[in-house]
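Now for the letters of each chain:
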Amino acid sequence: MELLPRSPAEFGSARYWDRFFRQRGQRPFEWYGAFPELCPVLHKYVRPRDKVLVVGCGNSELSEQMYDLGMCEDIVNIDISDAVIRQMRERSAGSRPKMSYLLMDMLQMDFPDAHFQVVLDKGTLDALLTNEEEATLAKVDQMFAEISRVLQVGGRYLCVSLAQAHVLKKAVEYFSQEGWVVRVHQVASSGDKQQFVLPVFVYVMTKFRKMSGSAAQILEICPEEQDKPMRVESAERLVAAVKDRQHYALLCSQISKTPCREQVSLDLCDKASGKPRYTLHVVDSPSVKPSRDNHFAIFIIPQGRETEWLFGTEEGRRQLAASAGFGRLLTVALHREQHYEGMAGIQAELSGKVMELAPPGLPVRQQVPFLSVGGDIGVRAVRHCDSSPLSGEFVVEDVKGDGTCYFRRLIFLQNRNVVQSEARLLAPAPLPGQKKRRKDKKKPSPTEPPGDIDKSYLCCEHHKAMVAGLCLLGGPDILPGELAVLVVGLGGGSLPVFVHDYFSQARVAVVEIDPSMLEVATCWFGFSQGDRMQVHLSDGLDYVAKLAAEAPAQYDAVMFDVDSKDLTVGMSCPPPAFVEKPFLQKVKTILKPEGVFVLNLVCRDARLKESVLATLRDVFPLLYARRIQGEVNEILFCQPGAAGRREPAELRARARALEGALRRPGRAWDSSYALADMLQAVHIL
């Protein structure tokens, strides 16, 4: 039986609807949204004494159900199909005396002005506004004008719709420009995803007298999970908010039917501020054999640890899901701007939402476990927030790592999942004569600031590798005497501080373009200047160019650890200008003949990376590379002469000897890393 129109234009044809309802017979046809789902919204805006007009009623049971449940009885239904009007009159004859059915075109209604308190439209606007052609838009304007005419001031136009972008935009712009209050409700789903994937919305347009001048528009959205509406500032933002909910519904429908081939990521936002509160990743493990108890689990990432490889990368999350032994693992990252009431509070807040992301085949009423590291949500304390014209917004925060260690981190908020600088914090030392804390005394707050910066510890793996590369310097003497080192990019200052403290005769010059970073390093990361440590506030490009012109061949080592602010380029470290051939030739000029240029390269674009390596090979005859495991970083050691070539095994031996020379009595050396290990996978390019 052919019920669909030959073209969208037939949706406005009385002949089409007559044929449609004759062929369909007495079976009610509901466009979308059954009465149980619509009822909570209708109850808010339809009062028992209201006079209600239903436009394009069709043979829907909506009016009958509203009447039978006592929601409202004075209901007038109109439609352009004579067949359906006769059918509906027969269906309600004798049982609903106050309800009427009239054959009438909603574009030319016979009712007097201000005759109704409510106009109800279930799918009629969607059926009419099938395209944005001039003739169609003219009909919609006529429909809206007629609805406006027959509604009293304070009356409501309730439009049940799938909220296609062009439909919603047209309705919102028309009525908001007329001075009406516009609110969009998302209808709560019945859970029957098979019937309809897209969510249903109800536009509530409340009529006000049009004010002279440019009165502020009142636009609101009310998501299904909350009653309190949220104000939005423009029609575009309202359409975008609805689109987000439509995409989420499509996503939930898709992943509830089939496993995810790729990891799915989405943000859940705070209702009040609209800012992200949780970031979710859906990770499926096809290798896990399903059983009743291992279908689905939620993993709460402790605060501050979302940047770690295990939680912050696709491969890390894939390994986490496989080791947890669940077919689908939903990882949840917590945001620094938000406050959380412990694991129980998070579980209560997320329980309903995460079940919408459950995998196919999850048993009914299956309990889904919430997992974490150590069973808690971790500790994060923001110590400092600021912004600079060069680096944008940034924060300094203390986080609890794995175990009892605390770390201080610098995060640039334009790339909030990357730790810019990190330092380990020392536990507070007891004062002389101070007794140990008694067990029955109050314990310190978990967010109580730990002690000073542990300058002996390099948190970043790429910094450890960069230090290990200094074993390339010198001849038979492993530990050079006087050493001139140039570091471009200060960050928190841990790299230049380590070189300064452990190479006792090193003179370190640091170039930093952003004065705010010098302030952060000094105030929050224990950095200080002195006779052997000087900071030059300058653009690294200009500083190196000036040195090349005025004082060539003066540095034993030049280290680049500088990030790029341009996130559109597939290379986040260094900025592209730092690896252009003319500039690299200047870097070579300021190096001593036996010196080493150490570059931290972070490049996700394979073609761009190959181009950078080719340029480096053109400038430097000898090039070593060390890939940092689990990260994108690759450390490149470049030397201006090929005569000093050493095989990887010899390099590791020199690194081992260098470490021995640096480990002096009374000087702390963290046992968690060895310089030789840092060169384990080094190779010559």
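The notes below deal with the structure included here. Computed from a predicted structure; not experimentally measured.

**As for the packing of helix α6 (residues 134-150) against helix α7 (residues 165-177)**
Working step 1: Contact geometry for α6 and α7: axes closest at 11 Å, N-to-C directions at 45°. Taken as axis vectors, α6 and α7 run oblique relative to one another. Read as a crossing pair, α6 and α7 show a hand that is right-handed. Side by side, α6 and α7 meet where Leu 137, Val 140, Asp 141, Phe 144 and Ala 145 of the first sit next to Lys 170, Ala 171, Tyr 174 and Phe 175 of the second.
Working step 2: By residue class, the composition of the contact of α6 with α7 is seven nonpolar, no polar and two charged.

**Some thoughts on empty space enclosed by the protein**
Working step 1: According to the stated counting rule, one finds two cavities of 30 Å³ or more in the structure shown.
Working step 2: Size it by volume and the largest cavity reaches roughly 80 Å³.
Working step 3: If you go around the largest cavity, the residues you meet are Ala 423, Ile 453, Asp 454, Lys 455, Tyr 457, Gly 492, Gly 493, Ser 494, Val 497, Phe 525 and Gly 526.
Working step 4: Looking at the lining of the largest cavity, its residues break down into five nonpolar, four polar and two charged.

**Observations regarding the packing of aromatic side chains**
Working step 1: Applying the stated rule across the entire model yields 15 aromatic pairs.
Working step 2: Ring plane angle 20° and centroid distance 4.4 Å describe the contact between Phe 498 and Tyr 502, whose orientation is recorded as stacked. Of this pair, Phe 498 and Tyr 502 both sit in helix α13 (residues 494-502), separated by four residues, roughly a single helical turn.
Working step 3: Looking at Phe 498, the relative accessible area reads 0%, which means it is buried.
Working step 4: With relative accessibility at 3%, the residue Tyr 502 sits in the buried group.
Working step 5: Where Phe 560 meets Phe 583, the ring centres are 6.0 Å apart and the plane angle is 25°; that geometry is what we call stacked. A residue pair is termed long-range when its members are at least 10 positions apart, and Phe 560 in strand β22 (residues 555-560) and Phe 583 in helix α16 (residues 581-590) qualify at 23 residues.
Working step 6: Taking the relative accessible area as the measure of exposure, Phe 583 reaches 7% and is therefore buried.
Working step 7: Aromatic ring contacts, followed pair by pair, group Phe 144, Tyr 157, Tyr 174, Phe 175 and Trp 180 into a single cluster.

**Comments concerning the pairing of strand β18 (residues 419-425)**
Working step 1: Summarising burial for β18: five of the seven residues are buried, a large majority.
Working step 2: Pairing of strand β17 (residues 406-412) with β18, which is carried by six bridges, proceeds in the antiparallel orientation. Bridge assignment links Leu 410 to a residue of β18, and that residue is Ser 421.
Working step 3: The turn linking β17 back onto β18 is made up of six residues.

**Concerning the pattern of salt bridges**
Working step 1: Counted by the stated rule, this structure contains 33 salt bridges.
Working step 2: In this structure, the salt-bridge partner of Glu 315 is Arg 318, at a minimum N-O distance of 2.7 Å. In this pair, Glu 315 and Arg 318 are both assigned in helix α10 (residues 314-324), three residues apart and thus about one turn of the helix distant.
Working step 3: The class of Glu 315 is partly exposed, set by a relative accessible area of 37%.
Working step 4: Glu 397 is the partner of Arg 336 in a salt bridge, and the nearest nitrogen-oxygen pair spans 2.7 Å. Residue Arg 336 is found in the loop between β13 (328-334) and α11 (342-354), and its partner Glu 397 is found in strand β16 (residues 392-400); the two are separated by 61 residues along the sequence.
Working step 5: A residue is classified by how much of its surface remains accessible, and Arg 336, at 12% relative accessible area, is buried.

**Considerations on the packing of α16 against helix α17 (residues 606-619)**
Working step 1: Viewed as axis vectors pointing N to C, α16 and α17 meet at an angle of 45°, and their least axial separation amounts to 10 Å. On the basis of their axis angle, the class for α16 and α17 is oblique. Remark: the crossing between α16 and α17 carries right-handed chirality. Between α16 and α17, the contacting residues are Lys 581, Leu 584, Gln 585 and Lys 588 on the first element and Thr 615, Leu 616, Asp 618 and Val 619 on the second.
Working step 2: Residues belonging to the contact of α16 with α17 are distributed by class as follows: three nonpolar, two polar and three charged.

**Quick word on the sheet that holds strand β6 (residues 181-186)**
Working step 1: Reading across the sheet, the nine strands line up as β3-β2-β1-β4-β5-β7-β6-β8-β9 and stay open at both edges, with mixed pairing between neighbours. Two strands lie at the open edges of the sheet, namely β3 (100-103) and β9 (230-232), each paired on one side alone. Geometrically, the sheet is characterised by an average inter-axis angle of 20° between neighbouring strands, direction not taken into account.
Working step 2: Bridge count for strand β2 (residues 75-79) against β3 is four bridges, and the pairing is parallel. Bridge pairing links Asp 79 to Leu 103 in β3.
Working step 3: Set on the sheet, helix α8 (residues 235-255) makes contact with β6, β7 (201-206), β8 (219-222) and β9; between it and β8 the angle comes to about 15°.

**Some remarks on the nonpolar core**
Working step 1: Ranked by size, the top nonpolar core spans 43 residues in total, and within it Leu 53, Leu 125, Tyr 157 and Tyr 203 carry the most contacts.
Working step 2: The element best represented in this core is α7, accounting for six residues.
Working step 3: With residues up to four places along the chain from it excluded, the contact list for Leu 125 reads Val 140, Met 143, Phe 144, Tyr 157, Cys 159, Val 167, Ala 171 and Tyr 203.
Working step 4: Within the second largest apolar cluster, 39 residues are counted, among which are Leu 470, Val 485, Phe 503 and Tyr 624.

**Regarding unusual backbone geometry**
Working step 1: Following Cys 573, the chain continues into Pro 574 via a peptide bond in cis, with omega recorded as -5°.
Working step 2: Topologically, Pro 574 is positioned in the loop between β23 (571-573) and α16.
Working step 3: Here Ala 163, not a glycine, exhibits a phi torsion of approximately 60°, which is positive.
Working step 4: Looking at the secondary structure, you find Ala 163 in the loop between β5 (151-161) and α7.
Working step 5: Ala 163 gets classed as buried once you look at its relative accessible area, which sits at 2%.
Working step 6: At Ala 553, a residue that is not glycine, the phi angle is positive and equals roughly 50°.
Working step 7: With respect to the element layout, Ala 553 can be found in the loop between α15 (540-550) and β22.
Working step 8: Overall, the relative accessible area of 39% leaves Ala 553 in the partly exposed class.

Conventions we followed
- Residues numbered from 1 in each chain as written.
- Predicted model: local features only at pLDDT ≥ 70, side-chain atom pairs only at ≥ 80, totals over all residues.
- Heavy atoms only, no water.
- Axes fitted to C-alpha atoms, helices over the stretch in contact; angles between N-to-C directions.
- Helix = DSSP H or I, 4+ residues; strand = E, 2+ residues; numbered from the N terminus.
- Parallel < 35°, antiparallel > 145°, perpendicular 65-115°, else oblique.
- Left-handed = near helix turned anticlockwise from the far one by under 90°.
- Contact = heavy atoms within 4.5 Å.
- Nonpolar A, V, L, I, M, F, W, Y, C, P; charged D, E, K, R; others polar.
- 1 Å grid on protein atoms, 1.4 Å probe; cavity = no way out; pocket = protein on both sides within 12 Å on 5 of 7 lines; lining within 4 Å.
- Points joined across faces, edges and corners; volume = space filled by probe spheres on them.
- Phe/Tyr/Trp six-rings, centres within 6.5 Å; stacked < 30°, edge-to-face > 60°.
- Buried < 20%, exposed > 50% of the residue type's maximum accessible area, 1.4 Å probe, protein only.
- Pairing = 2+ DSSP bridges.
- Salt bridge = Lys/Arg side-chain N within 4 Å of Asp/Glu carboxyl O.
- Core = buried A, V, L, I, M, F, W, Y, C linked by side-chain atoms within 4.5 Å.

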